Amino acid sequence: MAIAAQTGHRMRDSAPVQPGLPPAVQLQNAGIDLGGRYIWRSVDLEVAPGEFVAILGPNGAGKSTLLKAILGVLPLSEGAISVFGKPVRRGNDAVGYLPQRRNFDADLRVRAVDLVRLGLDGASWGMPLPFLSRFMAGPAARARRVDAVIEMVGAEAYANRPIGELSGGEQQRILIAQALVSGARMLVLDEPLDSLDLNNQQAISGLVQRICSESGVTVLLVAHDINPILPYVDQVVYVAQGQVVSGAPAEVIRTETLSRLYGTPVEVLRTTDGRVIVVGQNEPVSYHAHDAEH
Amino acid sequence: MTPSTDIGPSWDLLADLQLLLQYHFMQNALIVGTIVAVLGGAIGYLIVLRGQSFAAHMLSQVGFPGAAGAVLVHVSPVLGLLVFCVGAALGISVFGTRLGGGGRRESAAVGSILAFSLGLGLLFFRLFSGSAQAIYAFLFGTILGIDDKDVLVALVTAAVCLAALAFMFRPMVFASIDPAVADAKGVPVRLLSVVFLLLVAVTVAETVQIVGTLLIFALMVAPGAAAQRMTSRPYRALGTSVLLAVVVTWAGLAVAYFTGYPVGFFITTFAFAIYLLTRAAPTLARIARPGLTPALGAAR
């Protein structure tokens, strides 16, 4: 476990909180028990609509479990959870999900645009008639919606190629388009920057930030390395040792907070180039925490 | 080539067609062949998309001990077929399926169940002390000896399975290529993978007695695989798969009729030839036009 961070000034000095709207995500005294073991418990968390939230923490701490609870895929063992003021449920069109690193097989012969389209109507039963739908209003509007999100992520050039032939960065753009296409007001992204090169990490995090600020979409992004997203982050959610701590990045990524969270001395170092490195006991210093995973 | 003495193809297609259809058994063979090809081609697209060709292979084989066992205990072979095919499909679902189907665990479960069922088939066959002819008919079919009742069975099976397939096509494609997101979107991914295998099992159980293990398996994989090489649009690939299956069936029946060699050989050969062609096409295109990059050919 080592988190690299940056103390540089944040681009947005406060979250664009819209008063009167229910929180995008709210957890109250929440806990999840899997096979007799609490992943985390007593979690209180509130995310305002339009916030860009980074979810950090060591491997196996329950970051993906937190996302699954928010998606309604995994029920809470205790406490309450709501999304946009309503109880969580699977298939909520207001929530777009990008799971942890999916590798599309190079032999998967389905166009990228079809994958995006599945995000819109893939859960509907019955078969549309491709020849008829061209002349019908509903399907035509859906096709325009697909084109719009593909344009939004800048994937027009390769949308008609098979998904398996695209590069990691291109696939990630397509998957973000898929997550957005159903009219999502919140993006739930599980390590979207993992296994991308630095250029693509910056491009994808810049894209997510643009969607967040221009469309007011709430973003929950699980990251190993906070550096590419730190300038955009409104709130940091740190998951460790069965607990969840949240707050502004400068408040959470501090020696005192993280030591208390881990229950063991943890040091937050500041480098001359404005980065912060979190060092646990007996662990090598590393910018890229996910190196430790492999 | 050993053409029959009284019939032979000419360059007059209409006359050939009349020759082909002059016997009732050929009419029935063409009707049932077409029905099975449409169903096999449609279900085959999803089998190949899901990476479950081996599971399809297994399901097309396990009916044999089922039918043999049914004969032993004096019940209808169709019942034995159904019990074994459905049982094997459920077996794969219990032991092998991860979210979305396919994968290492499934292929290990498939291999184990397949070997065991063939062992059972050997035992039943020994106990039955039946003729090798019965096995031969089962494996390679009797498409030239189909009666009108078989036509009806094939028609009803195909109608039911195709309707089910059409109903769940989109969620099935979603669950096959992107199970985690499909699950979050509310698609019953695990249920669909069980239902899909059951659909393959029923298709096989009802058609294997008519056209044989070899034909149903041939029509379930090669056309779907070739179609996915030809287009990456799901609906177009589904249609292409059905079309290829129908074309190889007709061609196989016609050529077999005029040459006197087995139907199954020609249908599998034509299916394989189309598959080979689609696999070799990118390489051939590169050789023909050395300047063309592979990526350009991929945008179909």
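**Digging into the overall build of chain A**
Logical step 1: A tally of helices and strands in chain A yields eight helices and 13 strands.
Logical step 2: Counting the 294 residues in chain A, one finds 45% classified as buried.
Logical step 3: Sequence-distant contacts in chain A: of pairs separated by 6 or more residues, those separated by 24 or more amount to 69%.

**Structural notes on the interface of chain A and chain B**
Logical step 1: The interface of chain A with chain B comprises 27 residues on the first partner and 26 residues on the second.
Logical step 2: At four residues, the largest contribution of residues to the side of chain A that touches chain B is made by helix α2 (residues 112-121) of chain A.
Logical step 3: Tallied by class, residues from the side of chain A that touches chain B come to 13 nonpolar, six polar and eight charged.

**Side note on the packing of helix α3 (residues 53-61) of chain B against helix α5 (residues 77-95) of chain B**
All names here are of chain B.
Logical step 1: For the pair α3 and α5, the least separation of the axes is 9 Å and the interaxial angle reads 150 degrees. As judged from the angle between their axes, α3 and α5 are roughly antiparallel. At the point where α3 passes α5, the crossing takes the right-handed sense. Of α5, the residues touching α3 (which contributes Ala-55, Met-58 and Leu-59) are Cys-85, Ala-88, Ala-89 and Ile-92.
Logical step 2: Here the contact of α3 with α5 is built from residues that sort into seven nonpolar, no polar and no charged.

**Some words on helix α4 (residues 63-72) of chain B**
The periodicity of an α-helix, 3.6 residues per turn, causes residues three or four places apart in sequence to face the same way.
Residue and element names in this part refer to chain B.
Logical step 1: Among the ten residues in α4, eight count as buried, and that is most of the element.
Logical step 2: Those residues of α4 that sit buried are Gly-63, Phe-64, Pro-65, Gly-66, Ala-67, Ala-68, Gly-69 and Ala-70.
Logical step 3: Looking one or two residues past α4, His-74 carries a phi angle of roughly 60 degrees, positive in sign.

**Regarding the domain arrangement of chain A**
Logical step 1: When the domains of chain A are assigned, the result is domain 1 (1-94 + 187-199 + 209-249) and domain 2 (96-184).
Logical step 2: Of the residues lining the interface, 15 residues belong to domain 1 of chain A; the matching set on domain 2 of chain A comes to 14 residues.

About the cut-offs
- Residues numbered from 1 in each chain as written.
- Chains lettered and ligands numbered in written order.
- Predicted model: local features only at pLDDT ≥ 70, side-chain atom pairs only at ≥ 80, totals over all residues.
- Helix = DSSP H or I, 4+ residues; strand = E, 2+ residues; numbered from the N terminus.
- Buried ≥ 20, exposed ≤ 12 C-beta atoms within 10 Å, placed from the backbone.
- Contact = placed C-beta atoms within 7 Å.
- Nonpolar A, V, L, I, M, F, W, Y, C, P; charged D, E, K, R; others polar.
- Axes fitted to C-alpha atoms, helices over the stretch in contact; angles between N-to-C directions.
- Parallel < 35°, antiparallel > 145°, perpendicular 65-115°, else oblique.
- Left-handed = near helix turned anticlockwise from the far one by under 90°.
- Domains from an automatic or database assignment.

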